[in-house]
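Read off the chains here:
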Amino acid sequence: DVKVTQSSRYLVKRTGEKVFLECVQDMDHENMFWYRQDPGLGLRLIYFSYDVKMKEKGDIPEGYSVSREKKERFSLILESASTNQTSMYLCASSFRGRYYEQYFGPGTRLTVT
Amino acid sequence: GNSVTQMEGPVTLSEEAFLTINCTYTATGYPSLFWYVQYPGEGLQLLLKATKADDKGSNKGFEATYRKETTSFHLEKGSVQVSDSAVYFCALMANQAGTALIFGKGTTLSVSS
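Residues numbered from 1 in each chain as written. Chains lettered and ligands numbered in written order. Predicted model: local features only at pLDDT ≥ 70, side-chain atom pairs only at ≥ 80, totals over all residues. Heavy atoms only, no water.

1. Structural notes on the overall build of chain B
Working step 1: Looking only at helices and strands, chain B has zero helices and twelve strands in total.
Working step 2: Whereas a compact globule of 113 residues would reach a radius of gyration of roughly 13 Å, chain B reaches 14 Å, a difference of no more than 12%.
Working step 3: The C-alpha extent of chain B, read off along each of the three principal axes, is 45 × 30 × 20 Å.
Working step 4: Within the span of chain B, comprising 113 residues, buried residues form 46% of the whole.
Working step 5: Sequence-distant contacts, at least 24 apart, represent 56% of the contacts inside chain B between residues at least 6 apart.
Working step 6: Of the accessible surface of chain B, which amounts to about 5300 Å², a share of 47% is contributed by carbon and sulfur atoms.
Working step 7: Of the charged side chains in chain B, 8 are positive and 10 negative, and the gap between their average positions amounts to 8 Å. (Helix = DSSP H or I, 4+ residues; strand = E, 2+ residues; numbered from the N terminus. Rg over C-alpha atoms; globule rule 2.2 N^0.38 Å. Buried < 20%, exposed > 50% of the residue type's maximum accessible area, 1.4 Å probe, protein only. Contact = heavy atoms within 4.5 Å. Areas by Shrake-Rupley, 256 points an atom, 1.4 Å probe, with all protein chains shown as cover. Lys, Arg positive; Asp, Glu negative; His and termini not counted. Charge placed at Lys NZ, Arg CZ, Asp CG, Glu CD.)

What follows is the structure, encoded as structure tokens:
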């Protein structure tokens, strides 16, 4: 079975802190994605990566950055957390030619106070 | 631009009832269409897909038919179970290289015994 794991299920941070969310997949997928999920807004793509050290902005990249130093790991970084970044963050991965068949992790619920 | 519109929930049904969750889309060209499901506490999973007009995707008793004339991809199940309680997301992918999934806002289904 494909496994996508995320470093924390729940995280509480203070405004202005630098926050790292980690995602690891074990299926040798080329593509990895970060989404945020908010009630009434569904899933919105923040960033995706199609290879090591490669990244593309999604729909809402402002306030976020990403890092992909190894194929299996994709990190989302909140440089200076703000309260409007309180959300559920979902990581996903897929094979290169199968963008649609994404495997999701369980999510990290981040609260910024 | 490309977008997906789903019926708002929550949808509340008794066990063995018939389910329909409406989904319509706006896209240029001929997108591929998908339904994802998110069970409580878990990540999203691909439920079914259809890649061209009149295709019917099916899985676990769920079905959806790609209707180009009405730009719709409604999800149906003849007899729901309590274990079907989840959030259902309709999604599309424009058939262009390098594009990502576009998700609807999700519809919560609650089935009681």
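2. A closer look at the sheet that holds strand β7 (residues 56-59) of chain B
Residues and elements named next belong to chain B.
Working step 1: As summarised here, the arrangement of the four strands in space is β3-β9-β8-β7, forming an open sheet in which the pairing is antiparallel. Every interior strand has two partners, whereas the edge strands, β3 (19-21) and β7, have only one. Recorded for the sheet is a direction-independent mean angle of 20° between the axes of neighbouring strands.
Working step 2: Relative to strand β9 (residues 75-77), β3 is paired through three bridges, and the arrangement is antiparallel. Paired with Ile21 across the two strands is Leu75, which belongs to β9. (Pairing = 2+ DSSP bridges. Axes fitted to C-alpha atoms, helices over the stretch in contact; angles between N-to-C directions.)

3. Digging into the environment of Gln25 of chain A
All names here are of chain A.
Working step 1: Tracing the chain through its elements places Gln25 in strand β3 (residues 19-25).
Working step 2: Overall, the relative accessible area of 3% leaves Gln25 in the buried class.
Working step 3: Excluding residues that lie within four positions of it along the chain, Gln25 makes contacts with Lys3, Val4, Met32, Arg68, Lys71, Glu72 and Ser93.
Working step 4: From its side chain, Gln25 meets the backbone nitrogen of Met27 in a polar contact 3.0 Å long. (Polar contact = N/O pair within 3.5 Å; in protein donor to acceptor, adjacent residues only side chain to side chain.)

4. What about the nonpolar core?
Residue and element names in this part refer to chain B.
Working step 1: The biggest cluster of nonpolar side chains holds 26 residues, and the ones touching the most others in it are Leu19, Trp35, Leu47, Leu48, Phe73, Leu75 and Tyr88.
Working step 2: When contributions to this core are tallied by element, the ones reaching two or more residues are β2 (11-14), β3, β4 (23-26), β5 (32-38), β6 (44-50), β8 (62-65), β10 (86-93) and β12 (107-112).
Working step 3: Leaving out residues up to four positions away in the same chain, Leu19 has contacts with Val11, Leu13, Phe62, Leu75, Glu76, Lys77, Val80 and Leu109. (Core = buried A, V, L, I, M, F, W, Y, C linked by side-chain atoms within 4.5 Å.)

5. Some thoughts on the environment of Ser110 of chain B
Residue and element names in this part refer to chain B.
Working step 1: Of note, Ser110 is situated in strand β12.
Working step 2: With a relative accessible area of 34%, Ser110 lands in the partly exposed category.
Working step 3: As for Ser110 and Gly57, which are separated by 53 residues in sequence, their C-alpha atoms are 23 Å apart.
Working step 4: Beyond its immediate stretch of four places on either side in the chain, Ser110 contacts Val11, Thr12, Leu13 and Ser85.

6. Details of unusual backbone geometry
Residue and element names in this part refer to chain B.
Working step 1: Across the junction of Gly9 and Pro10, the peptide omega takes the value 0°, indicating a cis bond.
Working step 2: Tracing the backbone shows Pro10 in the loop between β1 (3-6) and β2.
Working step 3: Backbone geometry places Asp54, a non-glycine residue, at a positive phi of 75°.
Working step 4: Structurally, Asp54 is set in the loop between β6 and β7.
Working step 5: One non-glycine residue with positive phi stands out, namely Thr71, at about 45°.
Working step 6: Structurally, Thr71 can be placed in the loop between β8 and β9.
Working step 7: What makes Thr71 partly exposed here is its relative accessible area of 30%.

7. Details of the pattern of salt bridges
Working step 1: In the structure shown here, the tally under the stated rule is nine salt bridges over all chains.
Working step 2: A salt bridge links Lys56 of chain B to Glu63 of chain B; its shortest N-O distance comes to 3.6 Å.
Working step 3: With its nearest N and O atoms 2.8 Å apart, the salt bridge here joins Lys77 of chain B to Asp84 of chain B.
Working step 4: The exposure class of Lys77 of chain B is buried, given its relative accessible area of 10%.
Working step 5: When salt bridges that share partners are traced, they join Arg36, Asp38 and Arg44 of chain A into one network. (Salt bridge = Lys/Arg side-chain N within 4 Å of Asp/Glu carboxyl O.)

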